[in-house]
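# Tertiary structure, described
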2 protein chains.
Amino acid sequence: MLTPENNQTEIMHRESDYTPPRSLSHWMIGRPLSTADAPHQTIGKAVGLAVFASDALSSTAYATQEILGVLAAAGTLAFGYVFPISIAIVVLLAIVTISYQQTIHAYSGGGGAYIVSRDNLGELPAQMAGAALLTDYILTVAVSVSSGVAQIVSAYPAMDPYRVEIAIGAVILIMLVNLRGVKESGAAFAVPTYFFIVMMLITVGIGLIRGLSGSLGTVIDPPSQAIMHNVSGITAFLILHAFANGTTALTGVEAISNGITAFNEPRSRNAGITLIWMSVILGSLFLGISHLTGQIGAVFSEEETIISQLARTVFDGRGLPYLATIWGTTVILIMAANTAFADFPRLGALAASDGFLPRQLTFRGSRLVYSNGIITLSIIASLLIIAFKASVTLLIPLYAIGVFLSFTLSQFGMARRWLKIGRLKDGEEIVERGSVLRFDGKWKSKMLVNGFGAFCTLVVMFVFAITKFREGAWFVLILTPVLVMIFFTIHRHYKGLARSLSLEDFSGNPTRQTRHRVIMPISGVHQGTMDALRYARLLSDDVTVVHISLDAAETEKVQKKWITWGEGTRLVILDSPYRLFIEPLLEYLQVVIANRQSNETITVVVPQFIPSKRWHNLLHMQTANVLRSELLNKHGVVVTDVPYHVHESIHSHEGHKE
Amino acid sequence: MLTPENNQTEIMHRESDYTPPRSLSHWMIGRPLSTADAPHQTIGKAVGLAVFASDALSSTAYATQEILGVLAAAGTLAFGYVFPISIAIVVLLAIVTISYQQTIHAYSGGGGAYIVSRDNLGELPAQMAGAALLTDYILTVAVSVSSGVAQIVSAYPAMDPYRVEIAIGAVILIMLVNLRGVKESGAAFAVPTYFFIVMMLITVGIGLIRGLSGSLGTVIDPPSQAIMHNVSGITAFLILHAFANGTTALTGVEAISNGITAFNEPRSRNAGITLIWMSVILGSLFLGISHLTGQIGAVFSEEETIISQLARTVFDGRGLPYLATIWGTTVILIMAANTAFADFPRLGALAASDGFLPRQLTFRGSRLVYSNGIITLSIIASLLIIAFKASVTLLIPLYAIGVFLSFTLSQFGMARRWLKIGRLKDGEEIVERGSVLRFDGKWKSKMLVNGFGAFCTLVVMFVFAITKFREGAWFVLILTPVLVMIFFTIHRHYKGLARSLSLEDFSGNPTRQTRHRVIMPISGVHQGTMDALRYARLLSDDVTVVHISLDAAETEKVQKKWITWGEGTRLVILDSPYRLFIEPLLEYLQVVIANRQSNETITVVVPQFIPSKRWHNLLHMQTANVLRSELLNKHGVVVTDVPYHVHESIHSHEGHKE
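Residues numbered from 1 in each chain as written. Chains lettered and ligands numbered in written order. Predicted model: local features only at pLDDT ≥ 70, side-chain atom pairs only at ≥ 80, totals over all residues.

## With respect to the overall build of chain A
Helix and strand content of chain A: 23 helices and eight strands. A total of 658 residues make up chain A; the buried ones form 51% of that total. Look at the contacts in chain A between residues 6 or more apart in sequence, and 81% of them connect residues 24 or more apart. (Helix = DSSP H or I, 4+ residues; strand = E, 2+ residues; numbered from the N terminus. Buried ≥ 20, exposed ≤ 12 C-beta atoms within 10 Å, placed from the backbone. Contact = placed C-beta atoms within 7 Å.)

Okay, structure coming up:
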């Protein structure tokens, strides 16, 4: 056995001065960023609100509408329940916000449901949270973009046939913005987010004032309603179903806790304040819209959104203020998808670095963003949009279950954490699974807050699963465990690989092998073959050249030439009656491998023609490539490609002249 | 310099006992045939007529119709010209047949226009003939299949919307039959060809008898006519245009001369007799149909073919005899494409073996047929059918120019050949360009026959080019020279390649290289790396291991592990600030290559992970593959893949135990 020669190892560092050349992608996503540029890419509270809150805020554009959509089954009378349901949802929002404040302060390094579950509940709950969140991020993109398109169609009914095309175009746009990197997308998104907030505050504000002064009428010329036959009475199931649809307003609240690391220092404080701002704005707008919806007698319709009906009633027609509101809503909805584009790749990279998703997701592209995650998200969301024809109402039953599952897991995790902290002594600090538990005198009340939050969201999740089961929730209920299974299968693969490649029980390389046998398949005898032969003979004296005989006349020629040029090397001719090339060669190698000596290494040298122009490949059979991939799957052989380039053959031919 | 060691070369023959396993393709195209099975695959006169005449005979199904289509522009009165035009075409047929008899007897080894032009006129005319014929074979498939579908639609108008789908289905069917091989397709095609001939003879025969006895009426309820407004007078141009369309009847006459080798011995005699049979049947049917068309007052229409109008008039309605005629015509048309499927791949392989088309076309598949040619033809013909919506009238302007160009070249070639033979003395025999010229006393009259034939077809070709120019002939007039240029470009590539690989002026391999430098890129240190390192050290003592640093922490780990496990091998760390892997490595290699000693060979050893399951590839970045293809394009390095398989590592580990 060889003992490691510890002190003789020579290690050299070399700074690569390679700078990527300018290309089309520079123009599309910006110049490449060096890894050293990374730490500067954080954002302040105002930009943070724009980046992370657009998802949550934009849900006001469809939450009320989807409550109405369910109640419509029981006729106009049921519309009176919209406001009470909305109040219940805002109460839930408050509970979740308070509970998440604690998480953000406990996890300044990023406290998404995945991390909190992993640290406090274990691998399985963590992967459940991961699966749930990844699914919901995809749905966020599909639902937000579809709702954005619905706003456009409300204002411009002529666009109706192009819903899907517009939606896909929007997804591609967001993808490109995100491939540029978070800072620039933050700046790009700040203006429209604030424009939306201002426009909605104006709309709701004027609506409320006009409502109080009695000058607010009802919707003139309301859109035709899809479902308006009294198919159902006002049952508890109906109310709960409407409530479940409305809680989509809460989606996106968790975004900030996942993205704490994107904030400037002090991260937790900045993120926490941003969360409160966001919840207050969200709650106010949602309540205002729900209240006004009832007052103006807006109806559920696929043709015109509630926002459109509200804006044209408040502003007396489709003037400039109306268009500003619609465009503000559209743009924020389409950009809300951006929240998912910030979080999906980050969570994907996190799960991938834990070995539960393909490692490619951890790769940061030229602009320091997780390009593979961004592209994956774009593709799946686009497919969903196509499958569901960009309809919010068709997508909504699948939505939000995942979010509430992750809310529940995250808060239970926090509650469990406080319980552990309760066992610590004053001032004590322990590290468990990489996270620091620090004594906290208020652990009991904090545990209650998180525990109560978890309980509430768990109940809501069951309400979801039951009331939306038949419409599509069943799919998510099957998909989530399937995804978790896939994650664990991937994990097993990586773990098994690491174990069998580990050097822990490795006894070092055995003594040098003394014999080296070289096999070289050839199709003809020419300068390329001679180059390869020269290389083969450099490797070993034991060279066997193999020619597969497809054509008797050709074989005759090869034999004759070999006598002249073969330098005495052994030539084996394999007759192939079925004109196959690869199979007889593999069969021959099988025999060679079976007869191998224990101290022998076998190398297959493949002469490969590399044409000077790429299109020339069309004029040659790609046997070398097929052969290589077959050989690599074979145990016990090493494959060497000796390329021959026309006009310039491989080794230094200057060597001749000496 | 090394001198070839002539007498020590050891050559071994080994019969591969590999037999292809059963697979789906067996069921589709039959069990693989051994090369030894080849000579038996020839056919007799009766089967030969079925295989090679279906193209020519089936053109009676559309030739008359396309004459009528042109004359329709001048109103019904012009229909009287159909029969005189048809007589002119039959005279042309006779001239071409007599001329080709001489070719078949002079070229028993296959005397297609390509070979005759190549032997007697030179490379350029040969490639012109090749381009023209290949183009026309493709059009034969598209036109015949489209006309076949038109017959079906005449009988079953409900099928009209599915013209393209039916046509594509037919192409796929013919492709599969042809992938089985010529003998079996001959047998499959004999019955329907003879059924067609019999049905047409009955239809035309009864029609003529009823015509003479005065009991033949006119077409009842004729189809609506597309073009029936007197847009044009009866001009010479119109008559010539109609004549040009009618000469499509001659397409396929050359098929037998291309396929002489497929006949049983004595080939020339059998092929010649078959050609006469074919021309007689073709001429009679064509004249009969043209005559009856006028008598029953059939009209041109895209809705119902002339054959359908004729058959239902002769047989008094759409009874069983009518349906038998229609189905007979349909099947022979769809099978007529088979002639092209026999000739296109054969000509393609011939041109490819001369180095004017990609060599892959010379490859005979498991059933001894030129599979690549068959598949290429199917794909291009299908695209044409889709582009031209399976309409014969849209396709016809492109058709037949190529055939007449090849007729002309072939016959001029023959005329030139007789001229050379005229210079020989009695009994003399010379070999020129691989073909044998033998003294022939009747050379003068034979030269006149071929020369006159060439002159006639040349004139017809000009008539084509002028009268059909605007409708689509311009495309063929551009395409043919473009194809010829492509052929010569391919030829230049192969010739250049052969020249630079030639061993003619090769001075043998230079003295053995004495230095061997090995570079090995690694991404981590594990058992796979150790296996690769062991191999690298087997190759040379001069091993440099290169690690591209994408992540500082990872690099730290690699460095530490290398000190323990690196066996004193030099480690170079390349910092890659833009997180690129390939580019910095290539740049480093560039430096290594630039500093290479003249007696030094450089090998890059790439450790490549080969997962045990194919889907595992999705979980790994395919850096090794990308790296290899980049390195192979780099001059001056040899690339070695050392695969590592999990659970079983490369070299014989039994070696340890010793």
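There is more to say after this.
## So, the packing of helix H3 (residues 63-71) of chain B against helix H11 (residues 267-296) of chain B
Any two packed helices are characterised by how steeply their axes cross, that is the angle between the axes, and by the distance between the axes. Residue and element names in this part refer to chain B. Across the interface, H3 lies against H11 with an axial gap of 9 Å and an inter-helix angle of 40 degrees. In terms of orientation, H3 and H11 fall into the oblique class. As H3 packs across H11, the resulting crossing turns out to be right-handed. Every residue of H11 that contacts H3 at Ala-63, Thr-64 and Leu-68 is listed here: Phe-286, Ile-289, Ser-290 and Thr-293. Among the residues making up the contact of H3 with H11, the classes are represented as four nonpolar, three polar and no charged. (Axes fitted to C-alpha atoms, helices over the stretch in contact; angles between N-to-C directions. Parallel < 35°, antiparallel > 145°, perpendicular 65-115°, else oblique. Left-handed = near helix turned anticlockwise from the far one by under 90°. Nonpolar A, V, L, I, M, F, W, Y, C, P; charged D, E, K, R; others polar.)

## Quick look at the domain arrangement of chain A
Under the domain assignment used here, chain A contains domain 1 (39-495) and domain 2 (515-657). One C-alpha centre belongs to domain 1 of chain A, the other to domain 2 of chain A; they are set 61 Å apart. (Domains from an automatic or database assignment.)

## With respect to the environment of Leu631(A)
All names here are of chain A. If you trace the backbone, Leu-631 turns up in helix H22 (residues 623-632). Separated by 49 residues in sequence, Leu-631 and Ile-582 place their C-alpha atoms 9.6 Å apart. Leaving out residues up to four positions away in the same chain, Leu-631 has contacts with Val-604, Val-637 and Val-639.

## Considering the packing of helix H7 (residues 163-180) of chain B against helix H14 (residues 371-387) of chain B
Residues and elements named next belong to chain B. Axis separation between H7 and H14 bottoms out at 10 Å; the angle between their running directions is 170 degrees. In terms of their interaxial angle, H7 and H14 are classed as roughly antiparallel. Packed against H7, whose contacting residues are Val-164, Ala-167, Ile-168, Val-171, Ile-172, Met-175, Asn-178 and Leu-179, the element H14 presents Ser-371, Ile-374, Ile-375, Ser-378, Ala-381, Ser-382, Ile-385 and Ile-386 at the interface. Its residues placed into classes, the contact of H7 with H14 shows twelve nonpolar, four polar and no charged.

## Some remarks on unusual backbone geometry
Of note, the amide linkage connecting Glu265(A) to Pro266(A) takes the cis form, showing an omega dihedral of -10 degrees. As for its placement among the helices and strands, Pro266(A) is situated in the loop between helix H10 (255-258) and helix H11 (267-296). The phi dihedral of Ala400(B) falls on the positive side, at around 80 degrees, and the residue is not glycine. In the Ramachandran plot, Glu567(B) falls in the positive-phi region, its phi being about 50 degrees despite a non-glycine side chain.

## Some thoughts on the environment of Thr203(A)
Residue and element names in this part refer to chain A. For Thr-203, the location among the structural elements is in helix H8 (residues 182-213). C-alpha separation for the pair Thr-203 and Ser-284, spaced 81 residues apart in sequence, amounts to 12 Å. When near neighbours in sequence (up to four residues on either side) are disregarded, Thr-203 contacts Leu-310, Ala-311, Val-314 and Thr-325.

## Let's talk about the environment of Gly422(B)
Residues and elements named next belong to chain B. Looking at the secondary structure, you find Gly-422 in helix H16 (residues 401-422). We classify Gly-422 as partly exposed; it has 14 C-beta atoms within 10 Å. Setting aside its immediate chain neighbours within four residues, Gly-422 contacts Trp-443 and Lys-444.

## What to know about the pairing of strand S5 (residues 542-549) of chain B
On a regular strand, one side chain projects to one face of the sheet and the next to the other, so that they alternate. All names here are of chain B. The buried fraction of S5 is high, at six of eight residues. Taken together, the six bridges between strand S4 (residues 515-522) and S5 define a ladder with parallel strand orientation. Considered in S5, the bridge of Pro-521 is made with Val-546. Of the crossover connections in this fold, the one passing from S4 over helix H19 (residues 527-539) to the parallel S5 is right-handed. (Pairing = 2+ DSSP bridges. Right-handed = clockwise from strand over helix to strand, strands pointing away.)

## Considerations on helix H19 (residues 527-539) of chain A
Residue and element names in this part refer to chain A. Here H19 is 13 residues long and its end C-alpha atoms lie 19 Å apart, about the 18 Å a rise of 1.5 Å per residue gives. Within H19, twelve of the 13 residues are buried, which leaves it mostly tucked inside the rest of the structure. Taken residue by residue, H19 has Gly-528, Thr-529, Met-530, Asp-531, Ala-532, Leu-533, Arg-534, Tyr-535, Ala-536, Arg-537, Leu-538 and Leu-539 as its buried positions. (Expected span 1.5 Å × (residues − 1).)

## What about the pairing of strand S8 (residues 638-645) of chain B?
Buried residues dominate S8(B), accounting for seven of its eight residues. Where strand S8 (residues 638-645) of chain A meets S8(B), three bridges bridge the pair, whose relative direction is antiparallel. Its bridge partner being in S8(B), Thr640(A) is matched across the sheet by Thr640(B). Two elements, strand S7 (residues 600-610) of chain B and S8(B), share eight bridges in a ladder whose sense is parallel. Bridge pairing in S8(B) places Val606(B) opposite Asp641(B). Handedness of the crossover joining S7(B) and S8(B) through helix H22 (residues 623-632) of chain B: right-handed.

## With respect to the confidence of the model for chain A
Residue and element names in this part refer to chain A. Considering every residue of chain A, the mean pLDDT works out to 84; 88% of them sit at 70 or more. A low-confidence stretch, residues 1-7 stays under pLDDT 50, and its non-local contacts, those more than four residues away or across chains, total 13 contacts. With pLDDT under 50 throughout, residues 648-658 is counted as low confidence; its partners more than four residues away or in other chains account for 23 contacts. This complex was scored by the predictor with a pTM of 0.71 and an ipTM of 0.73. (pLDDT = per-residue confidence, 0-100.)

## A look at H19(B)
Among the 13 residues that make up H19(B), eleven are buried, leaving the element largely enclosed by the rest of the structure. Every buried residue of H19(B) is accounted for by Gly528(B), Thr529(B), Met530(B), Asp531(B), Ala532(B), Leu533(B), Arg534(B), Tyr535(B), Ala536(B), Leu538(B) and Leu539(B).

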